[in-house]
Amino acid sequence: MNDWTDLPESVVEKGEVISKTLFSDGTYTFGRLIVLPHSKIRLHKHETDCEWYINESTGEVFHCPQGQSHEFENNTDHVVCLLSIKKKAL
């Protein structure tokens, strides 16, 4: 799909987060996020989709249902890699 791109400042509260889309079919989008140390994805609402993050190192799963809000912060000195799955509302 695409190359790695920085998430826009409107989504990143601090630091740097880069993403890459691996697959998209119009309903599902699969991607990877690299959250650099001491970086944060700001609180945002999923109006038209739901999203799952899977931490590649720990296996921890985060889910944000449609209509809910979430954020993600890497407050460590290590890079955090996340798999992302988004599903648009039907």
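Every chain begins its residue count from 1, and numbering advances along the sequence as written. Where totals are concerned, whole chains, interfaces and linings use all residues; where local detail is concerned, this predicted model gives features only for residues with pLDDT of at least 70, and gives and counts side-chain atom pairs only at 80 or more. The side-chain values count all of the structure's non-hydrogen atoms but skip hydrogen atoms and water molecules.

(A) Molecular detail of the packing of aromatic side chains. In this analysis, rings of Phe, Tyr and Trp, with Trp reduced to its six-membered ring, are considered paired at centre separations within 6.5 Å, and the interplanar angle assigns stacked below 30 degrees, edge-to-face beyond 60, and tilted for intermediate values. Counted by the stated rule, this structure contains four aromatic pairs. Ring geometry for Phe23 and Phe30: centres 6.0 Å apart, planes at 50°, overall tilted. On the accessibility criterion, Phe23 (40% relative accessible area) is partly exposed. Each residue's exposure class comes from its accessible area (1.4 Å probe, protein chains only) as a fraction of the maximum for that residue type: buried when under 20%, exposed when over 50%, partly exposed otherwise. With relative accessibility at 32%, the residue Phe30 sits in the partly exposed group.

(B) Layout of the pattern of salt bridges. Any carboxyl oxygen of Asp or Glu within 4 Å of a side-chain nitrogen of Lys or Arg constitutes a salt bridge here. Under the defined criterion, the tally for this structure stands at five salt bridges. Between Glu13 and Lys40 there is a salt bridge, with its nearest N and O atoms 3.7 Å apart. A residue pair is termed long-range when its members are at least 10 positions apart, and Glu13 in strand S2 (residues 12-14) and Lys40 in strand S5 (residues 39-45) qualify at 27 residues. We classify Lys40 as buried; its relative accessible area is 12%. Between Arg32 and Glu56 there is a salt bridge, and its shortest N-O distance comes to 2.7 Å. Under the scheme used here, helices are H or I runs from DSSP no shorter than 4 residues and strands are E runs no shorter than 2 residues, and both carry numbers assigned from the N terminus.

The quantities given are spatial measurements derived from coordinates; they are silent on function.
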